[in-house]
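Here is what each chain is made of, one letter per residue.
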Amino acid sequence: MKNPDKKGLIFDIQRQCIHDGDGVRTVLFMKGCPLRCAWCANPESQEMKVELAFLPQTCIGDGACVLACRKDAVKAPGVIARNLCIYCGECTKVCYAEALSLIGEWIDPEEACDRLLRDFVFFQRSGGVTISGGEPFFQAKFVKELLDRLHSKAIHTAVETCGYAKREDMLEAKVDQFLFDIKIIDETEHIRWTGCSNKIILDNLDALYQAGRRITLRFPLLPEINDSEENLKATADLVRRYGLKELHVLPFHQLGSNKYQMIQKEYLLKKKAIPTNEYLRKVVQRLVENGIHPVIGG
Amino acid sequence: MSKYFGESTLRIRHLREKIHEKGYAVCSQRARILTEAYQKYESYPIILKRAMAFRDILSQQDIFIEEGDMLAGNQGSFLCAAPVFPEYSVQWILDEMDEVDQRSGDKFFIGETQKEELRKVLPWWIGKTLQDHAHAIYPADAKLLYEIGVIRGGHMNACGDGHIVVNYDRVLREGLIGFKEQIKKRREKLNLANYDEAKQDIFLQAAEIALDAVICFAHRHAELAEGLAQKTHDPARRSELLRMAEACRHVPEYPPRSFYEGLQAYWFVVVCQQIESNGHSVSLGRFDQYMYPLYKKALDDGADRESLLELLENMWLKLYSARKFRCWKDARFAAGGPMYENVTIGGQTSDGRDAVNELSFAVLKSVARVHLTQPNLTVRYHRGLSHEFMSECIHVIKEGFGMPAFNNDEVIIPDFERLGITQEDAYSYSAVGCVEVAIPGKFGHRCTGAAFLNFPKILNIVMRGGIDDVSGRRIYIGKQFGNMTSFEELFHEWSKAMSYFAKQSVVIDTYSDMMIEEVVPEAFNAALVDDCIDRGKNVKEGGAHYDFTSGLQVGIANTGNALTAIKKLVFAEKKISCQELQTALDSNFEGIRGEQIRQMLLNRAPKFGTDNEFVDEMTVAAYNEYLKELPQYRNTRYGRGPIGGTYYGGTSSVAANVIMGSMVSATADGRKAYTPLAEGCSPTQGSDHSGTTAVFCSMSRLPVEKLAGGILLNQKLSPSSVASLSDEAKLENVIRTFFDRLNGFHVQYNIVDRTTLEEAKVHPEKHKDLIVRVAGYSAFFTVLNPQTQDDIISRTEQFI
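Reading the values: the criteria
Sequence order as written defines the numbering, with residues in each chain counted from 1. As a convention, the first chain written is A and the first ligand written is 1, with the rest following in written order. The predicted nature of this model means local features are confined to residues of pLDDT at least 70 and side-chain atom pairs, given and counted, to a pLDDT of 80 or more, with totals for whole chains, interfaces and linings taken over all residues. Only hydrogens and water are set aside when side-chain values are computed; all heavy atoms of the structure are taken into account. To qualify as a helix, a DSSP run of H or I must reach at least 4 residues; to qualify as a strand, a run of E must reach at least 2; elements of each kind are numbered from the N terminus. We compute the radius of gyration from the C-alpha atoms alone; for a globule the expected value is 2.2 Å times N to the 0.38, where N is the number of residues. Should any heavy atoms of two residues lie within 4.5 Å, those residues are counted as being in contact. Counted as positive: Lys and Arg. Counted as negative: Asp and Glu, with His and the chain ends omitted from the count. The location of each charge is read from NZ of Lys, CZ of Arg, CG of Asp or CD of Glu. For this analysis, a salt bridge means a side-chain nitrogen from Lys or Arg found within 4 Å of a carboxyl oxygen belonging to Asp or Glu. Relative accessibility decides the category of a residue: with a 1.4 Å probe and only protein chains considered, values under 20% of the type maximum give buried, values over 50% give exposed, and everything between is partly exposed. All axes are obtained by fitting lines to C-alpha atoms, using only the stretch in contact for helices, and the reported angles, taken between N-to-C directions, cover 0 to 180 degrees. Orientation labels follow simple angle bins: below 35 degrees gives roughly parallel, above 145 gives roughly antiparallel, 65 to 115 gives roughly perpendicular, and whatever is left gives oblique. Residues are grouped as follows: nonpolar covers Ala, Val, Leu, Ile, Met, Phe, Trp, Tyr, Cys and Pro; charged covers Asp, Glu, Lys and Arg; every other residue, Gly included, is treated as polar. Joining through side-chain atoms within 4.5 Å is the link that ties buried Ala, Val, Leu, Ile, Met, Phe, Trp, Tyr and Cys residues into a set, and such a set is a nonpolar core. Once two parts are put together, the accessible area they lose, assessed with a 1.4 Å probe and summed over both, is termed the buried area. Throughout this description, a polar contact denotes any pair of N or O atoms lying within 3.5 Å of each other; where both atoms belong to protein, one of them has to be capable of donating a hydrogen while the other can accept it, and for residues adjacent in sequence the pair is counted only when both atoms sit in side chains. The pLDDT value expresses, per residue, how confident the predictor is, ranging between 0 and 100. In this analysis, strands are considered paired if DSSP registers two or more bridges between them. Marked domain ranges trace back to an automatic or database domain assignment. UniProt positions are given in the numbering used here, feature names are shortened, and annotations may be inferred rather than shown by experiment. Clockwise travel from the first strand over the helix to the second, with the strands pointing away from the viewer, marks a crossover as right-handed. Each patch is built from residues lacking any salt bridge and having more than 30% relative accessible area; the joining distance is 9 Å for like charges and 5 Å for nonpolar side chains (Val, Leu, Ile, Met, Phe, Trp, Tyr). Accessible surface is estimated by sampling points in the Shrake-Rupley manner with a 1.4 Å probe; for residues, cover comes only from the protein chains shown.

## Describing the overall build of chain A
Next, step 1: Assigned secondary structure in chain A consists of 11 helices and 13 strands.
Next, step 2: Over its C-alpha atoms chain A spans a radius of gyration of 20 Å, differing by no more than 12% from the 19 Å that the globule rule assigns to 298 residues.
Next, step 3: For chain A, the spread of C-alpha atoms along the three principal axes comes to 60 × 45 × 35 Å.
Next, step 4: For chain A, restricting intrachain contacts to residue pairs at least 6 apart in sequence, the fraction spanning at least 24 positions comes to 68%.
Next, step 5: Seen as two clouds, the 41 positive and the 40 negative side-chain charges of chain A have centres 2 Å apart.

Pasting the structure below:
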């Protein structure tokens, strides 16, 4: 018997990622995140529960979902009373066009490990597994066990973390590379845009540094949110303080916008324009002036 | 202009523009001269008659030298004009002549005087062409399959054979004079009292005439260049023309003395093959190996690299200016009117060392600069290929015109050795056309590209108990899918069908080859293929050192996906009944239930190319039913001299997937009626949503050892995934893993462009393979809403 407690809730496994650590990566996306960043590109990752998504473009309107729903939550194709939905997935089973789908799958570490190693032959040249999310350490027990397994197979491991986690978990986990997000240095602004203080985050970063762990800092560049002169300077200071040369700059994008609609979540930055090349060049230049080496795109 | 490779010279840019502007035209002179020659030399044996006609064309057709062009020789009597080959087929020309400028693609312009001349000479050919001969003798069964679109084999009857790499290495080392001397010696030893030897003598006479004709063609250009040199007021151009004249007096008759003369010799031999016969895929072999001594000599003599690059670019423009006038039926198979003149670089020397040299780099650079559909550039990959060279290749890929393609030595060389090809020869292979491979100078025509077999159509016929639903014709009497009770029953029927159709495709090849041998034998290119002179035979008579045939199998992934969906959804899970599926297919998924079934077929069964063992193994099993039939068949040259004479599989289907798809009703993989099939061995459109690594893992399960005819794989690449140096290194690693560890045969990358993305906006379901990879972002593949699309488009353009 497998122990159900060992299971983790994931929402995607994506192969051939090239901007999430060294070499070619397979990325595991975990559900659950303590932060609520306004710009989040994976809104379906935030809640630590299975969710129901609806994609109107693919709906064929056959109404099979309405008949299948036992809670009367699917009123018509695409019209879902989410307060009634118990996420049983009955409607998705008959939605062959996959307009309705469940986001979130409980999986145990053995199976996760098998699925993450489909590209093993590519990792042997260069690459490995990256755990992303959500916040991986939100499901620390599962993630730690998974990382142990990967580590025992000599797979290079990375985590993409917001840094908001229990310090012991971060220090204990068998992680070869931390892709550590630094969003905003000013605490008040951080609370305003992510819903959380960054004190724990910065302390964790310090602890990882003291423990000699490999850290790559990543900076989601958000025009008019964290691109002020002070924040750029403070971020660059942080990079230099930890003896790092590089800062991965991840420019704001809108690739997640449709996912908000799919799970009927409000998206505050829906209308926000993506940065122009001209703008990116200027920011890069400012960071360089502050003595660091920015890398666009990670 | 390429940021990385720099810009071509003004001369090259002008010439390139001019070729673009001229577009596609038809020249009637060859047709007229050939007709007159056939009438004049009526009493001669066909091979001699054709050699004499070839001589008349090369000595009578108007020649010209385009302003600024440094290389002499053209296919037609004016720039970008395609010659006409009435000996292959004429009916379509007479029928289509007035509409070819109205075609939706592959448009040709024919001037009024040209039309008049064609109307005058073409009717003489009715009943005498290769196509007429072939159609007269095709057995009824095979003919039916040809007519309903299960087998496409008649294309070479209408449009010629091609697919050959002659012995350029020897042309450059010895000049045509070397071949002529060999012929002379052979003829002296022949006993004309012996039937076989008398026949050989006729071929050798023809070969001699053809070689002389090419030399004379070069001399005519020398005279023309001298005349133009006198007239020009530009001293620089004058010296260029004089250099050209000097070269044309010397090559290809004698071995070239300089890199420039080498190119001129090369080009004369290529263009004269294109004038002799109507085949495409006349390929250049290992260009960087044969030409290297001359290139190195030029550098040692102090030539400046830019001027050598300019010459190379001029050479590619000559290739690009060649045209092939195809009937509409065939033009649709070869979208964009390509000539598939393949240039192969890289690879290994016969002792396994890396063969890349400075010229290999120069070829990459020059091809990147001219940025054209010709030549078709292939890089032979092997484990020892340097990072430096791979990285340069990736830079060319980033230019976004689909080149170079990679072929893999690690798989192809052992494949060849298994076929009985010596190690040394196997190491010298080159690509022909696109992904196909051959031993330069030693292989017969069309080692691949014979009969095309339409797999998904066959599956549809099998499901209907032997009836083709599109034409309503019955092919055989079998069991209907609606009455089947197990998957094994269906697979058994498939297996029986494969045995039947495999045989019929060989029948078509046999009759086509028989007629090509009888009606349109070629002396010039035969003279340049090893063993033809020694045996006194042309290629189709068994003159080549090696001779293999591979048909092309189309729609492999559709077939595997369809069988998988049936096994899983109909027989294992019982979600759809046999009757229900049949009704849905017959009605092209009409109605709500039809659409539900289609969605089930699409989304509830795994697809080839996503690294799923179940469907991959099914695809291989279905394909193997065909491949296991091949060893029993022989081509028409078997036992007549060449090593080989056998068949193998191949999937270099070019654009055949589109046109063959237009003959197939709805299929059980959820594909709607008459839409395109999967290309080559690539996954079906939009189904490879798990990324290239998964596609590579699926491809690794194919029986590569039986597919020496080529395994075509096209992959899309978004510009942002090769934007930085580290991205390029990652791409290199992925390619190396595919080739070193996963039995990859070929891969070619197309950079996703704006048009594709715009198309994806309208049909997101067809573009699930547009891989969006952004740090920390989980791409929901169907999320291609307009806003996302615009975002991807703007990202894409950042990097183009």
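Having seen the structure, we can now continue with the description.
## Points about the pattern of salt bridges
Next, step 1: If you walk through the whole model with that rule in mind, you get 85 salt bridges over all chains.
Next, step 2: One salt bridge in this structure joins Asp169(A) and Lys144(A), with 2.9 Å as the shortest N-O distance. Pair noted here: Asp169(A) is in helix H6 (residues 167-172) and Lys144(A) is in helix H5 (residues 140-152), with a separation of 25 residues, a long-range link. When sorted by exposure, Asp169(A) lands in the same class as Lys144(A), which is buried.
Next, step 3: Residue Arg50(B) is joined to Glu87(B) by a salt bridge in which the shortest nitrogen-to-oxygen separation is 3.1 Å.

## Considerations on the environment of Phe259(B)
All names here are of chain B.
Next, step 1: In this fold, phenylalanine 259 is placed in helix H13 (residues 259-276).
Next, step 2: Taking the relative accessible area as the measure of exposure, phenylalanine 259 reaches 2% and is therefore buried.
Next, step 3: Each C-alpha atom of the pair phenylalanine 259 and alanine 298 lies 6.3 Å from the other, and the pair is 39 residues apart in sequence.
Next, step 4: Apart from residues no more than four positions distant in its own chain, phenylalanine 259 is found in contact with Met291, Leu294, Tyr295, Ala298, Leu308, Leu311, Leu312 and Leu359.

## A few points about the packing of helix H19 (residues 387-398) of chain B against helix H32 (residues 725-741) of chain B
All names here are of chain B.
Next, step 1: At a minimum axis separation of 10 Å, H19 and H32 run at an interaxial angle of 105°. Judged by the angle between their axes, H19 and H32 are roughly perpendicular. Contacts from His387, Met390, Ser391, Ile394, His395 and Lys398 of H19 reach H32 at Glu728, Leu731, Glu732, Ile735 and Arg736.
Next, step 2: Taken together, the residues of the contact of H19 with H32 break down into 4 nonpolar, 3 polar and 4 charged.

## A closer look at the nonpolar core
Nonpolar side chains in soluble globular proteins tend to be buried together.
Next, step 1: Within the largest apolar cluster, 257 residues are counted, with the highest numbers of intra-cluster contacts made by Phe259(B), Phe287(B) and Leu581(B).
Next, step 2: It is helix H11 (residues 195-231) of chain B that provides the largest number of residues to this core, a total of 15 residues.
Next, step 3: Counting residues in each nonpolar core, the second largest holds 61 residues, with Cys37(A), Ile131(A), Phe219(A) and Tyr267(A) among its members.

## Notes on the interface of chain A and chain B
Next, step 1: In this assembly, 56 residues from chain A lie in contact with 50 residues from chain B.
Next, step 2: In total, about 4400 Å² of surface goes out of reach between chain A and chain B, with carbon and sulfur atoms giving 53% of it.
Next, step 3: Interface area lost by chain A to chain B is led by Tyr96(A), Phe122(A) and Leu255(A), which between them contribute 18%.
Next, step 4: The interface formed by chain A and chain B contains 5 salt bridges.
Next, step 5: With its nearest N and O atoms 2.9 Å apart, the salt bridge here joins Asp611(B) to Arg118(A).
Next, step 6: Across the chain A-chain B interface, the total number found is 16 residue pairs in polar contact (both at pLDDT 80 or more).
Next, step 7: Counting residues per element, the ones that place at least two in the side of chain A that touches chain B are strand S1 (8-17), strand S2 (24-30), helix H2 (90-93), helix H4 (120-123), strand S12 (246-251) and helix H10 (257-262) of chain A.
Next, step 8: Across the side of chain A that touches chain B, the residue classes break down as 21 nonpolar, 20 polar and 15 charged.

## Remarks on the confidence of the model for chain B
Next, step 1: For chain B, the average pLDDT comes to 92, and 95% of its residues sit at 70 or higher.
Next, step 2: Interface confidence for the predicted complex, given as ipTM, is 0.94, next to a pTM of 0.94.

## A word on the sheet that holds strand S4 (residues 342-346) of chain B
All names here are of chain B.
Next, step 1: Read from one edge of the open sheet, 5 strands run S4-S5-S6-S16-S15, paired in mixed fashion. Each edge of the sheet is formed by a strand with only one pairing partner; in this case those strands are S4 and strand S15 (714-717). For this sheet, the mean inter-axis angle between neighbouring strands, taken without regard to orientation, is 30°.

## Considering helix H7 (residues 140-148) of chain B
Next, step 1: Every buried residue of H7(B) is accounted for by Ala142(B), Leu144(B), Leu145(B), Tyr146(B) and Ile148(B).
Next, step 2: Gly149(B), located one to two residues past H7(B), shows a positive phi value of around 90°.

## Description of the domain arrangement of chain A
Residues and elements named next belong to chain A.
Next, step 1: Its domain assignment divides chain A into domain 1 (8-48 + 109-296) and domain 2 (51-103).
Next, step 2: Between the C-alpha centres of domain 1 and domain 2 there is a distance of 32 Å.
Next, step 3: Listed per partner, the contact involves 8 residues of domain 1 and 9 residues of domain 2.
Next, step 4: Interface area, domain 1 with domain 2, both sides summed: about 780 Å², of which 52% is carbon and sulfur.
Next, step 5: Sorting the residues of domain 1 by area buried against domain 2 places Met262, Ile263 and Gln264 first, and these three jointly supply 62% of that buried surface.
Next, step 6: In this assembly, domain 1 and domain 2 are joined by 1 salt bridge.
Next, step 7: Residue classes in the side of domain 1 that touches domain 2 are distributed as 3 nonpolar, 2 polar and 3 charged.

## Concerning the sheet that holds strand S13 (residues 552-554) of chain B
Residue and element names in this part refer to chain B.
Next, step 1: Sheet architecture is open: 3 strands sit in the order S3-S9-S13, paired in mixed fashion. Edge positions in the sheet fall to strand S3 (151-152) and S13, since each has one partner strand and no second.
Next, step 2: Contacts between helix H22 (residues 455-463) and the sheet are confined to strand S9 (452-454) and S13, with S9 contributing the most and set at about 40° to the helix.

## Side note on the UniProt feature "modified residue: Glycine radical" (unreviewed entry) in chain B
Next, step 1: Mapped onto this numbering, the UniProt entry gives "modified residue: Glycine radical" (unreviewed entry) at Gly776(B).
Next, step 2: Among the secondary structure elements, Gly776(B) is positioned in the loop between helix H33 (754-762) and helix H34 (786-799).

## Considerations on the pairing of strand S6 (residues 405-408) of chain B
Residue and element names in this part refer to chain B.
Next, step 1: The side-chain alternation of S6 yields two buried faces, one formed by Ala405 and Asn407 and the other by Phe406 and Asn408.
Next, step 2: Relative to S6, strand S5 (residues 376-381) runs parallel, the two sharing 4 bridges. Within S6, the residue paired with arginine 380 across the bridge is asparagine 407.
Next, step 3: As a crossover connection, the stretch from S5 through H19 into S6 is right-handed.

## Quick word on the UniProt feature "domain: Radical SAM core" (unreviewed entry) in chain A
Next, step 1: Taking the numbering used here, the UniProt-annotated feature "domain: Radical SAM core" (unreviewed entry) corresponds to residues 19-293 of chain A.
Next, step 2: Secondary structure over residues 19-293 of chain A splits into 33% helix and 20% strand, and the C-alpha atoms at its two ends are 17 Å apart.

## Looking at unusual backbone geometry
Next, step 1: The amide bond that connects Gly133(A) to the next residue, Gly134(A), takes the cis arrangement and shows omega of 15°.
Next, step 2: Secondary-structure assignment places Gly134(A) in the loop between strand S8 (127-132) and H5.
Next, step 3: A cis amide bond links Met403(B) with the next residue in sequence, Pro404(B), at an omega value of -5°.
Next, step 4: Within the element layout of this structure, Pro404(B) appears in the loop between H19 and S6.
Next, step 5: We note that Gln16(A) has phi near 55°; this positive angle belongs to a residue other than glycine.
Next, step 6: Owing to a relative accessible area of 15%, Gln16(A) belongs among the buried residues under this scheme.
Next, step 7: One non-glycine residue, Cys80(B), lies in positive phi territory at about 65°.
Next, step 8: Within the secondary structure layout, Cys80(B) lies in the loop between helix H3 (46-60) and strand S2 (81-83).
Next, step 9: The exposure class assigned to Cys80(B) is buried, which follows from its relative accessible area of 3%.

## Brief notes about the environment of Cys434(B)
All names here are of chain B.
Next, step 1: Among the secondary structure elements, cysteine 434 is positioned in the loop between strand S7 (430-432) and strand S8 (436-438).
Next, step 2: The exposure class assigned to cysteine 434 is buried, which follows from its relative accessible area of 15%.
Next, step 3: Among all residues touching cysteine 434, those that are not within four sequence positions of it are Asn342, Asn376, Thr378 and Ser652.

## So, a nonpolar patch on the surface
All names here are of chain A.
Next, step 1: A grouping of Met48, Trp106 and Phe138 is seen on the molecular surface, where their side chains present a nonpolar patch of about 300 Å² in accessible area.
Next, step 2: Following the sequence through the fold, methionine 48 ends up in the loop between S2 and strand S3 (51-54).
Next, step 3: Residue class for methionine 48 comes out partly exposed when judged on its relative accessible area of 32%.

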